[in-house]
Amino acid sequence: MTETASGIRTRFAPSPTGFLHIGGARTTLFNWLFARRHKGVFVLRIEDTDEARSTAESVDAILESIRWLGCDWDEGPLDAESDRGPFSPYYQMKRLEHYDKYLRQLLEEGKAYRCYCSKEELDAMRRLAQLEKRPPRYDGRCRLLTERQGRDLEASGRKPSLRFRMPEEGATLVPDLIRGEVSFENRLQQDFVIRKTTGGPTYNFACVVDDHLMRISHVIRGDEHLPNTPSQLQLYRALGWQPPLFAHLSMIMGPDGGKLSKRHGATSVLEYKQQGFLPQALRNYLALLGWSTTDSQQLFSPEELIERFDLAGCQKNPATFDPVKLAWMNGEYIRKTPVPELVRQAEPFLKTAGLASAEGPALERTVALEQEKYKRLADIPGLIEFFYKPVEYTPKAMDKVLRTTGTKETLGGLAERLSRLSPFEEKALESEIRGFCAERGLKAGQVFHPLRAAVTGRTEGPTLFLMLEVMGREMVVSRLRKTIDALG
Ligand code: GLU
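What you see is a predicted model, and the numbers here were worked out from it, not measured in a lab. (Residues numbered from 1 in each chain as written. Predicted model: local features only at pLDDT ≥ 70, side-chain atom pairs only at ≥ 80, totals over all residues. Heavy atoms only, no water.)

A. Representation of the environment of K259. Position of K259 relative to the elements: it lies in the loop between β12 (252-253) and α8 (269-274). The exposure class of K259 is exposed, given its relative accessible area of 56%. Among residues more than four places away in sequence, those in contact with K259 are M251, I252, M253, G254 and H264. (Helix = DSSP H or I, 4+ residues; strand = E, 2+ residues; numbered from the N terminus. Buried < 20%, exposed > 50% of the residue type's maximum accessible area, 1.4 Å probe, protein only. Contact = heavy atoms within 4.5 Å.)

Below you can see the structure in the form of structure tokens.
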């Protein structure tokens, strides 16, 4: 058994019905940080009870996303089929015997009952409630069925679900570590289904059984689950179990104040990976979605995040997902990354752009030139490809800069001087080119701009003299001559 001194055990319990989205990633991170901070255990559990919508591909994508984020788990799946840990299996559909045991117990103790209502009857009940402007809830009509009536209904082909008998009076108090105590009136709750007609457990039931059996100490999850918590607390009570502590994380809104969704841009973690966000940057950003330190620190090293994270810093007000801030933060992390490491991380993007093994200056030198500018790894190829591909002049470079009087002569003079310059280094290049300007009575701009346009095809780019050094004499001179030819 994995026991730690703190006894703290958290879990992330995704339903594998799609990708891991920003909200789920934030929940994962908070559970992971809390466990790491307190030297506890972080568990991953796959809640695949929705058989129609759960897929192995989704399990794979979720595991890949969490691994990429760097939130390693101590117990849980290794892949879409196997797992590891003292409470294995960590797939709910492999744990049916546990649920059956407690379903039987609740039934025998009269705390649950069989419901034979058909889908049509339940739909009608809902519509009537809507018409009468009541909250749609099951009216409890099967509570009083006798065993005999039940047998008859079964004989007529009806398959029962099991419902939990909720208390009808009073209130269920949810003690929440972020919101304080939240009270739910029991008369507004319903006898919820704990076993479906197909025989499988529902989320609310399986979740309680597993959190208990897996000795989860803190349930940290999105606040869309807050309305489930009174039902779950009543189950704990009915089963005679001590409930875990709950912390419901605030909702995440898009920049326009609506609930975060596709229309605000990428929402799945793997899309951020594909766009070239660094996992440590996304982690830092997600940590601040609903959590802050009293001094409002923004950038945290991985160790600092673990050290400083606490539920006391979590807020109940909605958090706003701000893609501009995320891009800024990613840029900060890119700037802090040592260049060899940055080149390694950017390799998939360089490969796609055909630059990974292209002939030309060392990638470490070209990538370093514009390190200040990258917001995403995907920005890198576009800013350095001119080193590796034949020059293509932008219309602005050609018409505004190169096709101007005297430019051909200037480029010719430069080609001549630079072909003899040694060493071909930043400082020497600068004094040579400035000397050239003075000799010809040209302003710096009359030389620097055409020079840049001629060797890169662009009007903007890295700092000029260092860029020329990185290109090397041969490339610079041959590009100058090609441009002179292109000017006719
Ligand atoms: N399977 C649930 C979900 O994906 C987990 C809810 C919980 O954390 O209790 O939303």
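B. Structural view of the nonpolar core. In this structure, I384, I433, L468 and L480 are the most contacted members of the largest nonpolar core, which totals 103 residues. It is helix α1 (residues 22-37) that contributes the most residues to this core, eight residues altogether. Once residues lying within four places of it in the same chain are set aside, the contact partners of L480 are L411, L414, A415, L418, L451, A454 and V455. In terms of nonpolar packing, the next biggest core, distinct from the first, is built from 32 residues, V41, Y99, M214 and L235 among them. (Core = buried A, V, L, I, M, F, W, Y, C linked by side-chain atoms within 4.5 Å.)

C. View of the site of the ligand. Around the ligand, the structure places R11, A13, P14, S15, E47, Y203, C207, R221 and H225. In this structure, Y203 approaches the ligand through a side-chain N or O atom, which is 2.6 Å from an oxygen atom. Protein burial of the ligand: of its 300 Å² of free accessible surface, 81% is covered by the chains. Residue classes in the shell around the ligand are distributed as four nonpolar, two polar and three charged. (Near = heavy atom within 4 Å. Polar contact = N/O pair within 3.5 Å; in protein donor to acceptor, adjacent residues only side chain to side chain. Areas by Shrake-Rupley, 256 points an atom, 1.4 Å probe, with all protein chains shown as cover. Nonpolar A, V, L, I, M, F, W, Y, C, P; charged D, E, K, R; others polar.)

D. Spatial organisation of the pattern of salt bridges. For the structure shown, the criterion picks out 38 salt bridges. Among the ionic pairs, E469 bridges to R365, the shortest N-O distance being 3.0 Å. Here E469 is found in helix α19 (residues 464-471), whereas its partner R365 is found in helix α13 (residues 363-369), with 104 residues between them in sequence. Salt bridges sharing common partners tie together R11, R45, E47, R95, D210 and D211. (Salt bridge = Lys/Arg side-chain N within 4 Å of Asp/Glu carboxyl O.)

E. Seen up close, the side chain of T229. With respect to the helices and strands, the residue T229 is situated in helix α7 (residues 229-239). Judged by its relative accessible area of 0%, T229 is buried. Polar contacts involving the side chain of T229 include one to the main-chain carbonyl oxygen of H225, which spans 3.2 Å. Ignoring anything within four residues of it in the chain, the contact list for T229 reads V174, R221, F246 and H248.

F. Here's a closer look at the sheet that holds strand β6 (residues 161-164). Sheet architecture is open: three strands sit in the order β5-β6-β9, paired in antiparallel fashion. For this open sheet the edge positions go to β5 (112-115) and β9 (193-195), each flanked by a neighbour on one side alone. Put simply, the sheet's adjacent strands are angled 45° from each other on average, direction ignored. Note that β5 and β6 share four bridges and pair antiparallel. Paired with A112 across the bridge in β6 is F164. (Pairing = 2+ DSSP bridges. Axes fitted to C-alpha atoms, helices over the stretch in contact; angles between N-to-C directions.)

G. Expanded view of the packing of aromatic side chains. Following the criterion strictly, the structure yields eleven aromatic pairs and no others. For the ring pair F30 and F309, a centre distance of 4.9 Å and an interplane angle of 65° mean the geometry is edge-to-face. Here F309 lies in the loop between α10 (302-308) and β13 (319-320) and F30 lies in helix α1, a separation of 279 residues in the sequence. Each member of the aromatic cluster is reached from another via a ring pair, and the members are F30, W291, F300 and F309. Here the guanidinium or amino end of K94 rests over the ring plane of Y91, the centre of that ring lying 4.6 Å away. (Phe/Tyr/Trp six-rings, centres within 6.5 Å; stacked < 30°, edge-to-face > 60°. Lys NZ or Arg CZ within 6 Å of the ring centre and 35° of its normal.)

Remember, this is a structural readout, not a statement about activity or role.
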